[in-house]
Every structure is written in C-alpha cells, then in structure tokens.
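# Topology and contacts: notes
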Amino acid sequence: MQIISLKKKFLFWVILFFISLIIWLSIDLVSTRIFLKFENQNIFSRIPSNIFHHNFDNNVNVIEDNSRFRNTRLITNSIGFRDKKVRKINKETTKYRIVFIGDSFTEGVLLDYEESFVGLIDNKLKDYNIEVLNAAVSSYSPSIYFAKINHFLNKNYKFDEIIVYIDIGDITDETFEDRLKISKMLDLSEKPGYSSYVVFLKKNLVITYNILNWISDWIYSERTPPHDEEKVDEFILDVVSGKKYKKGNWTINNNSFEKYKDGLDKSLKYMSLLKDLCNENNIKLTIAVYPHFTQIYHNDLDSLQVKIWQKFSLENNVNFINYFPYFIENKSPLEKRMSVIKKYFIPFDIHHNKEGSKIMANVFLERYMPIIENHN
C-alpha cells in the first residue's frame, strides 16, 4: 500500500481549495452580472459637495446596509432630497411647498422614508395640495442648512415654508471646523463610504460580499438582541454619561457648554442668515428642537437647547416648536425616564424608532392641521 506523504496531502488540499474558490467566485460573478445586477447608486449614494459639504446623489433607489440594524431603502429625487419615490422636482409648482431640513434625526436614519417623521407628515399632507420635501442629511448643521437652502433658491426653486429641526449635536459639529470652507476644498472624485476593495466586491461578487459582511458584523459588532434589557440599559448609561456619545452632553454639563460656545455662536450666525434669506424670499421659517435621550435621562426639560432657540425665535419672529415636553415629564422617576427612552429610541442607537417618529410627526401635525383647515 502506497503511503502518501504529508507534503503531497497538503498540496492536494491547497489545490482543491483554490479550485473550489475559483468555481465559487465564477458562480458568484455570473449570478451578480445576470441575476442581481447590483445598482451603481448602491456604491456611492452619499456624496461630497463643494457648496454644502455633503449630500445624497440624485435619483437613487437602493437598499442601505445598516450593519447590525435592519436594512432600509434610500430613495432620492432629482435634486438629491430623500423621498418616497424617484421623481422630478420642478423649480415652480402650483402646490404649497414645505421643506424640512435637519440632520440624521430628520433624515430618518435606520428607517424607511414612510416610517420617518417627515414621511409620515408627507403622507398626511399630500391630500391638501401640499408638497413635502426632505432636504435633511446625516451630520448637517446650521451652516449647511443656510448654504443648501441658499443654493436652491439661487437656482430659482420655489419654497413656501422651511422647517429647521436643530439637533443638539449641531452645536458641536460647528465648533471645530469651518464646514463651508472645507466644502470648497473637497475632491468630488473621492467617493466616501467604501474602500476600492469593497466597491469591487459589491459590483462583481455580491454574494461573497454579503457573506464577508455578515462575518465582519458577527466579529466586530455587539450583536446583542434588542430584548436583552441588561445590555440595553448598559448602552443607554454609556451614552448619557458621555462615554459613547459626547455631543449630547453640553446642555447638562457646564464644562462641555463652555467648550462648544464657539459652535453655538456660529450656529446663531448662520440661522440669522437663513432667517434673512427667508425674509427676502417671502418664506415662512419654523425652528423645532427635540431632546436626545441624554436630556430625557437627566430630566433636562428646561434645557439650554430650548432656551437658546426659543429666545432666537421670539427675537426674530420665527415659529417655534418645542418637543421636549412630549418626551420629558418634569421630575419623573428614573424608571419612567428609562422606559421612555426604550419606547421611542432604537435599541443600541441614539435615533428615534417608529414610535418616536410618530410622536415627532403628530406634534407637528397637531399644530399645522388647524392652520390648513382654517384656510380651506
């Protein structure tokens, strides 16, 4: 009986492995090209801008991979605003046009458009000859709000009303960099989000990409099920203490507030410019503020965020919506505060879930619907 050497056995398995790999990759390549036809927009749906820092690409209809969270669909219209369907937005319209702008909360990250609060408002107002547009994108802040609205007005788009949802994190985003100055220096050929290797896999070997992506999530993410109360509590405490997320602490920590005062001054400056822009173009302006769950946890009902923007609104004759009382009950016990956070925010994330979006939409509509009905 012939004995096969260890070296030959090793060589056999190496050759078998590479033959199997080549067969697998060939099947994946053919499947991707023929059946899956992965959309180009899926690669770079979020793009840089030399005018207002970053934006969505136009006419996108893709599934966004949200790692440990469920995948969501991202659809944009012809001017790169998140929307319910790909559609052309005309500069002029016979409808009354409302533009919402803000950061990730207003964009509705980790939610489909129909589940986001802007999407819910859109669905309600569509029967009243009102067109709703969502100009929000994650990480926007007042300098970008001004620059983006100014850009589209300069291109002769007609807006009747602008609703700005100013996030607590906006102040910190404005603190350490001149975002509009940086915009002018951005290389538009550099597409953010993926390395060249990931782009190659997503375009050509989508099955292999998904398998590798799942393995990566399993290794590196805290894949804890949402019903694990102990882990959810731990995450919340890490956020409200500033361990995981520092942007929300300046309203409850004097040292943090002093650190971000420059960002506040810049935010007030650009909101003043936006207000002047609206006045020049006969556009109604509304400012809305809402709490992160850091403010809910710390019972920050009479928050600096509310005081600052309420004062600004009063001094500039701007409509103001305060969402804090709808999420924070004065002097409520810790157990109640924790239950509110779990009810309205996505587990292991700082953004609103579907129930939180409903609160955001309902508060706006409670104020807005009587105005519409009185005019009809």
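Quick summary incoming for the structure in this document. Nothing here was measured: the structure is a model prediction, and the numbers come from that model.

### What to know about the packing of aromatic side chains
One pass over the structure, following the stated rule, counts 20 aromatic pairs. One aromatic cluster is present, formed by F100, F105, F117, Y165, Y290, Y323, F364 and Y368 through successive ring pairs.

### Digging into the packing of helix α11 (residues 261-280) against helix α13 (residues 304-315)
Helix-helix packing: each pair is described by the crossing angle between the helix axes and the interaxial distance. Taken N-terminus to C-terminus, the directions of α11 and α13 make an angle of 30°; their axes are 12 Å apart at the nearest point. The orientation of α11 relative to α13 falls into the category roughly parallel. As for how α11 packs across α13, the hand of that crossing is right-handed. On the side of α11, the interface is formed by L264, S267, L268, M271 and S272, while α13 contributes I308, W309 and F312. Considering only residue class, the contact of α11 with α13 consists of 6 nonpolar, 2 polar and no charged.

### Remarks on unusual backbone geometry
The backbone phi angle of N129 is positive, close to 60°, even though this residue is not glycine. By the secondary structure assignment, N129 is in the loop between α3 (117-125) and β6 (130-134). Accessibility expressed as a relative area gives 43% for N129, which makes it partly exposed. Of note in the backbone geometry, N317 takes a positive phi value of approximately 55° without being a glycine. Within the secondary structure layout, N317 lies in the loop between α13 and β9 (319-322). The exposure class assigned to N317 is exposed, which follows from its relative accessible area of 74%.

Here is what the cut-offs are and how they apply
Here, residues in each chain are numbered from 1, in the same order as that chain's written sequence. Totals for whole chains, interfaces and linings use all residues, but because this is a predicted model, local features are given only for residues with pLDDT of at least 70 and pairs of side-chain atoms are given and counted only at 80 or more. As a rule here, side-chain values cover all heavy atoms of the structure and leave hydrogens and water aside. Each pair of aromatic rings taken from Phe, Tyr and Trp, with Trp reduced to its six-membered ring, is defined by centres within 6.5 Å and is described as stacked if the planes are under 30 degrees apart, edge-to-face if over 60, and tilted in the remaining cases. Axes, fitted as lines to C-alpha atoms, cover a helix only where it is in contact. Angles between the N-to-C directions of the axes lie from 0 to 180 degrees. The way it works is that DSSP assigns letters per residue, a run of H or I at least four long becomes a helix, a run of E at least two long becomes a strand, and they are numbered from the N terminus. Under this scheme an angle from 65 to 115 degrees is roughly perpendicular, one under 35 degrees roughly parallel, and one over 145 degrees roughly antiparallel; angles in between are oblique. Helix crossings fall into two classes, left-handed where the near helix is turned counterclockwise from the far one by less than a right angle and right-handed where it is turned clockwise. For this analysis, residues touch if any pair of their heavy atoms sits within 4.5 Å. Any residue that is not Ala, Val, Leu, Ile, Met, Phe, Trp, Tyr, Cys, Pro, Asp, Glu, Lys or Arg is counted as polar, Gly included; the first ten are nonpolar and the last four charged. Each residue's exposure class comes from its accessible area (1.4 Å probe, protein chains only) as a fraction of the maximum for that residue type: buried when under 20%, exposed when over 50%, partly exposed otherwise.

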